[in-house]
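Read off the chains here:
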Amino acid sequence: MITMLAAVGALTLGAAPAQAAPKDPVRALESMLKPGRGVHVTDTVTGSDGTSTREAGSGKGVYGFGEKGLSGFDLTMEDDYGTQRVIATGKTVYRTGGLLKNVLPEDKPWLKRTGGGYPGGNAQIINPAEPKTVAALLKKGTSSKGSVTGTITVKDLKKVSSWASRLNGEQDDVKISYTLTLGSSGLVSRVRSTWELTELGESSIVTIDSRYTKWGSKVTIKAPDPKKVTTKLFG
């Protein structure tokens, strides 16, 4: 009888369904990188002087994909200077609103620049739509229950991220603390980054909390009407 029960127990254990292995975030991302597709992003920015915390801005928009990574973006951001919008197609970037309202003609409210890279403002400094960036953060971080937490310097981030590559060299030693939240698909659903920023001799702690939805959805990014674009500022 004992032998029979042991045999039945072994059969029962063996019949239990195997748990699915977690999906590789880098491969999951690479499967999304198709022209005409993209991801929606919402950013919330907070600032702290060490004693109090305040909301410093927000942003929302879309990233567009090419076969190898990010091909463009369309972001609208709110901060202390008002509303600004940044559109990128390839390495051409168009900006309007914010402080630019004071230095652009009314009939040409868009400023055109080349070079691409980080759009500034309230945009997330870590871009989870870049396979090399995701791979580096996974390697440096510690995984626990669907999230990855770690620290990376701006200098090291620039080595793997085209998005961050044009950040000011003076910021290279800044350490960014990050947490990536991974969905069941392996794709990043949330990025939280925190670092200390020093401006005019005053330091503050900046945190950007970003949510990513609709991975692989259809995305169309269009440059502004050429008639409303200029490459020159007043003066």
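Residues numbered from 1 in each chain as written. Predicted model: local features only at pLDDT ≥ 70, side-chain atom pairs only at ≥ 80, totals over all residues. Heavy atoms only, no water.

- An unreviewed UniProt entry lists the protein chain under the name LppX_LprAFG lipoprotein, with Nonomuraea aridisoli as the source organism.

1. Some words on the packing of aromatic side chains
Move 1: By the definition in use, this model includes six aromatic pairs.
Move 2: With centroids separated by 6.0 Å and ring planes inclined at 25°, the aromatic side chains of Phe-65 and Trp-215 adopt a geometry described as stacked. Taken together, the residues Phe-65 in strand β2 (residues 53-65) and Trp-215 in strand β11 (residues 202-218) connect sequence positions 150 residues apart.
Move 3: Overall, Trp-215 belongs to the buried group, its relative accessible area being 16%.
Move 4: Taking 6.4 Å as the distance between ring centres and 35° as the angle between the ring planes, the aromatic pair formed by Tyr-212 and Trp-215 counts as tilted. Grouping residues by exposure puts Tyr-212 and Trp-215 together as buried.
Move 5: Counting every residue linked through ring pairs, the aromatic cluster contains Tyr-63, Phe-65, Phe-73, Tyr-118, Trp-163, Tyr-212 and Trp-215. (Phe/Tyr/Trp six-rings, centres within 6.5 Å; stacked < 30°, edge-to-face > 60°. Helix = DSSP H or I, 4+ residues; strand = E, 2+ residues; numbered from the N terminus. Buried < 20%, exposed > 50% of the residue type's maximum accessible area, 1.4 Å probe, protein only.)

2. Considering the sheet that holds strand β6 (residues 110-114)
Move 1: Across the sheet, 12 strands lie side by side as β7-β8-β9-β10-β11-β1-β2-β3-β4-β5-β6-β12; this open sheet has mixed pairing. The sheet is open, and its two borders are formed by β7 (142-144) and β12 (229-230), each paired with just one other strand. (Pairing = 2+ DSSP bridges.)

3. Some remarks on the pattern of salt bridges
Move 1: Per the counting criterion, the structure on display carries eight salt bridges.
Move 2: Residue Arg-85 is joined to Asp-74 by a salt bridge in which the shortest nitrogen-to-oxygen separation is 2.8 Å. A residue pair is termed long-range when its members are at least 10 positions apart, and Arg-85 in strand β4 (residues 82-89) and Asp-74 in strand β3 (residues 70-79) qualify at 11 residues.
Move 3: In this structure, the salt-bridge partner of Arg-190 is Asp-209, at a minimum N-O distance of 2.6 Å. In this pair, Arg-190 sits in strand β10 (residues 188-199) while Asp-209 sits in strand β11, placing the two residues 19 residues apart along the sequence.
Move 4: For Asp-209, a relative accessible area of 12% translates into the label buried.
Move 5: Through salt bridges with shared partners, a single ionic network connects Arg-190, Arg-192, Asp-209 and Arg-211. (Salt bridge = Lys/Arg side-chain N within 4 Å of Asp/Glu carboxyl O.)

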